[in-house]
Amino acid sequence: MQTGTLVLIMVAAVVSLAIVLFQYYYKTKSRAKLHVLLSFLRFLTLFCTFLLLINPKFAKNSYALEKANLVILADNSSSIDPSMGKMGTAEILKQLEENGALQDQYSTDQYSFGTALKEMDTLSFKEKNTDITNALIGIDEIYAQSNTAILLLTDGNQTLGQDYGYYSGNEGFPVYPIVLGDTTRYEDICIDKVNLNKYAFLKNKYPVEIYVSYEGAGPVNTSVSIAVNGKRVFSETIAFSNSSNSKIINTVLSADTVGLKTLRVEARPLRNEKNVQNNRKDMAIEVIDEKTKIVIISDVLHPDIGALIKSIESNEQRSVTVRKPNSGLKDLDDTSLFILYQPNASFSSIYDYVKRKNANIFTITGSKTDWGFLNKVQSSFEKNNYNQTEEISPISNAAFSIFNVTDFSLENFPPLIGNLGEIIIGKSNEMLLGQRVKGVEINEPLLAVLKNDREREAVLFGEHLWKWRMQTYRNSQSFENFDDFMGKLILYLSTTKAKERLSMDYESVYVGANEAKITATYFDKTFVFDTNAAMTLKLSNIENGAARELPMLLKGGYYEADLSGLPAAKYN
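Residues numbered from 1 in each chain as written. Predicted model: local features only at pLDDT ≥ 70, side-chain atom pairs only at ≥ 80, totals over all residues. Heavy atoms only, no water.

A. Main features of the overall build of the protein chain. Within the protein chain one finds 10 helices and 27 strands. Split into buried and exposed, the 572 residues of the protein chain put 40% on the buried side. Relative to all contacts within the protein chain whose residues are 6 or more apart in sequence, the contacts with residues 24 or more apart total 68%. Of the accessible surface of the protein chain, which amounts to about 32,900 Å², a share of 51% is contributed by carbon and sulfur atoms. Each charge class in the protein chain was averaged separately, 60 positive and 66 negative side chains, and the resulting centres sit 5 Å apart. (Helix = DSSP H or I, 4+ residues; strand = E, 2+ residues; numbered from the N terminus. Buried < 20%, exposed > 50% of the residue type's maximum accessible area, 1.4 Å probe, protein only. Contact = heavy atoms within 4.5 Å. Areas by Shrake-Rupley, 256 points an atom, 1.4 Å probe, with all protein chains shown as cover. Lys, Arg positive; Asp, Glu negative; His and termini not counted. Charge placed at Lys NZ, Arg CZ, Asp CG, Glu CD.)

See the structure below:
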């Protein structure tokens, strides 16, 4: 407390006492006990009032010695050399625990890592993958804003995640590595990446792009080959040197037969090469015999059309054609889906054709839609248009059950532009997206899917879809979120098959067991997603016939089976 404050408190006490003496004892001879008590209470009241006005503050400084954190991060993967790394890790940990000076200076914590960061109990060295960067990120999050150093025990062989050599993280966390195992650098050829489409079309050619790198000092030659279903179809000899240590190989292969094709890209090992596991990559491509033909009919130029084309054709199985409504009906018989963009009176012949063919349609409306014409020409839906445009924000419908859209994210999606008015849908339907106008949720659909036994139909009551695709890229540096969502909608609308109650999603080839997962959606007889189903995935090893059964666990709007415990093989 400052000296000035103490002086003020003393002055307050003197002033309070002077006031009381003046009020109760000046020219007063009474000395009764009640008189004394009242004067004392008056003194306390006055003194406390002055004390509140002075508002004294008391400060206390306390000091404590806080040890710096020393985090011991041990690699628990199977790549640790049995003859050097495992014994070395145990010996290092024992020495650290027995070092009294170290324990006095640091607060030590021990963690292990493989695929994920874990508190260290015992080290098994059986983790199938190593992600050093993920472990460092986890330590950064746990010990944020603290004085911490990391002691990293690893052989440096990373199979997952960002290259730890470029990871900066929290600059206040120094990392002191202790390298386990053989640190000798050997010559190595590596197939870094193979770019290959998921689908190709019969009698067409499909591109293959191969990235090959070399680590070593002297000039070497090797050959890179591609085998399709075990048959070699391509080979090229390439040369490397210390200054030219990477190559890109581009080629095209023919899709001669329909079906799933397994591709193995392989580089011939060098004479003294130790690690030959990274000399090959297995991929898969499915050859199909036809494309799904989709026609966009529009009388206006709009960026939505370009976004729809890019999104739909991101799947090689689909082709999109843009036509004017008055361009005639020639060559429309093999169309799987008509996308009618902002219809007006010029669409009259198109609607007549669609009705005759019972064709599947996707209607997109907006500020230039002629609602008077649209309400008359079809009976699926109508809108009491107020001729006033408004920004409409999307709301996802968690109860939507026609197909699985649980992985579609609307994060930061901008509003669409649509006309205000009551919407009346005349067919059985499900709302995929709802409307929010000026922050208020209204009971109107933004995107609805109409169900009918003969044809399939959807309607979107808003324009500027291109902004959603751009926002998807801003969110994740990829168009995948929007394109996958649009792909599922287009797949449903463009097929005439009866809806299946069970649908599955999986890759033909999994590189690394860590990401090997199969998902499925299952609907009851009323086509409502069944959250009480007991689902089992049965797998049989093609090579030895061994069978495995795995439970599929409920993950919100889908079921999932984790295959990470299976050995590498081909399975049915």
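More follows now that the structure is in view.
B. Region of the structure containing the packing of aromatic side chains. Considering all chains together, one arrives at 16 aromatic pairs under this definition. Ring geometry for Phe-43 versus Phe-47: centroids 6.0 Å apart, planes at 10°, classification stacked. On the criterion of helical spacing, the pair formed by Phe-43 and Phe-47 is a turn pair, its members being 4 residues apart in helix 2 (residues 33-54). Look at Phe-47 and you get buried, because its relative accessible area is 18%. For the ring pair Phe-413 and Trp-468, a centre distance of 5.4 Å and an interplane angle of 40° mean the geometry is tilted. Of the two residues, Phe-413 is situated in the loop between strand 18 (381-396) and strand 19 (416-425) and Trp-468 in helix 9 (residues 465-476); the sequence distance between them amounts to 55 residues. For Phe-413, a relative accessible area of 8% puts it in the buried group. Feature note: the residues Phe-408, Phe-413, Trp-468 and Phe-485 constitute an aromatic cluster, connected by ring pairs. Across the ring face of Phe-479, the terminal group of Arg-469 is positioned such that the distance to the ring centre comes to 4.0 Å. (Phe/Tyr/Trp six-rings, centres within 6.5 Å; stacked < 30°, edge-to-face > 60°. Lys NZ or Arg CZ within 6 Å of the ring centre and 35° of its normal.)

C. Region of the structure containing the nonpolar core. Membership of the largest hydrophobic core comes to 38 residues, with the highest contact counts inside it found for Ile-339, Phe-362, Leu-432, Met-486 and Leu-489. Ranked by the residues each element gives to this core, the list is headed by helix 10 (residues 480-494), at 7 residues. Non-local contacts of Leu-489, meaning those with residues more than four positions away in its chain, are made with Phe-362, Phe-403, Leu-447, Val-449 and Ala-458. One finds Leu-196, Tyr-206, Ile-238 and Ala-255 within the second-largest nonpolar core, a separate group that totals 27 residues. (Core = buried A, V, L, I, M, F, W, Y, C linked by side-chain atoms within 4.5 Å.)

D. Region of the structure containing the packing of helix 1 (residues 3-24) against helix 2. Direction vectors running N to C along helix 1 and helix 2 enclose 150°, while the axes themselves pass 9 Å from each other. By the criterion of interaxial angle, the relationship of helix 1 to helix 2 is roughly antiparallel. Handedness of the crossing formed by helix 1 with helix 2: right-handed. Residues Thr-5, Leu-8, Ile-9, Ala-12, Ala-13, Val-15, Ser-16, Leu-17, Ile-19, Val-20, Gln-23 and Tyr-24 of helix 1 form the contact with helix 2, whose own contacting residues are His-35, Leu-38, Ser-39, Arg-42, Phe-43, Leu-46, Phe-47, Phe-50, Leu-51 and Ile-54. Taken together, the residues that form the contact of helix 1 with helix 2 break down as 16 nonpolar, 5 polar and 1 charged. (Axes fitted to C-alpha atoms, helices over the stretch in contact; angles between N-to-C directions. Parallel < 35°, antiparallel > 145°, perpendicular 65-115°, else oblique. Left-handed = near helix turned anticlockwise from the far one by under 90°. Nonpolar A, V, L, I, M, F, W, Y, C, P; charged D, E, K, R; others polar.)

E. Geometry of the side chain of Glu-444. Tracing the backbone shows Glu-444 in strand 21 (residues 440-450). No salt bridge is formed by the buried Glu-444, whose closest oppositely charged neighbour, Lys-383, lies at an N-O distance of 7.8 Å. In terms of polar contacts, Glu-444 uses its side chain to reach the backbone amide nitrogen of Ile-423, at 3.4 Å. Those residues in contact with Glu-444 that sit more than four places away from it in its chain are Gly-421, Glu-422, Ile-423, Met-431, Gly-434 and Gln-435. (Salt bridge = Lys/Arg side-chain N within 4 Å of Asp/Glu carboxyl O. Polar contact = N/O pair within 3.5 Å; in protein donor to acceptor, adjacent residues only side chain to side chain.)

F. Region of interest: unusual backbone geometry. Non-glycine residue Phe-125 carries a positive phi angle of around 55°. As for its position among the elements, Phe-125 is in the loop between strand 3 (117-119) and helix 5 (132-142). With a relative accessible area of 10%, Phe-125 lands in the buried category. The phi torsion at Lys-438 lies on the positive side, around 55°, for a residue other than glycine.

G. Structural detail: empty space enclosed by the protein. Taken as a whole and assessed by the stated rule, the structure comprises 1 cavity of 30 Å³ or more. Within this model, the largest cavity holds a volume of roughly 30 Å³. Taken together, Phe-362, Leu-433, Leu-447, Leu-460, Leu-465, Trp-468, Phe-485, Met-486 and Leu-489 make up the lining of the largest cavity. At the level of secondary structure, the elements contributing two or more residues to the lining of the largest cavity comprise helix 9 and helix 10. It is helix 10 that provides the largest number of residues to the lining of the largest cavity, a total of 3 residues. When its residues are assigned to classes, the lining of the largest cavity shows 9 nonpolar, no polar and no charged. (1 Å grid on protein atoms, 1.4 Å probe; cavity = no way out; pocket = protein on both sides within 12 Å on 5 of 7 lines; lining within 4 Å. Points joined across faces, edges and corners; volume = space filled by probe spheres on them.)

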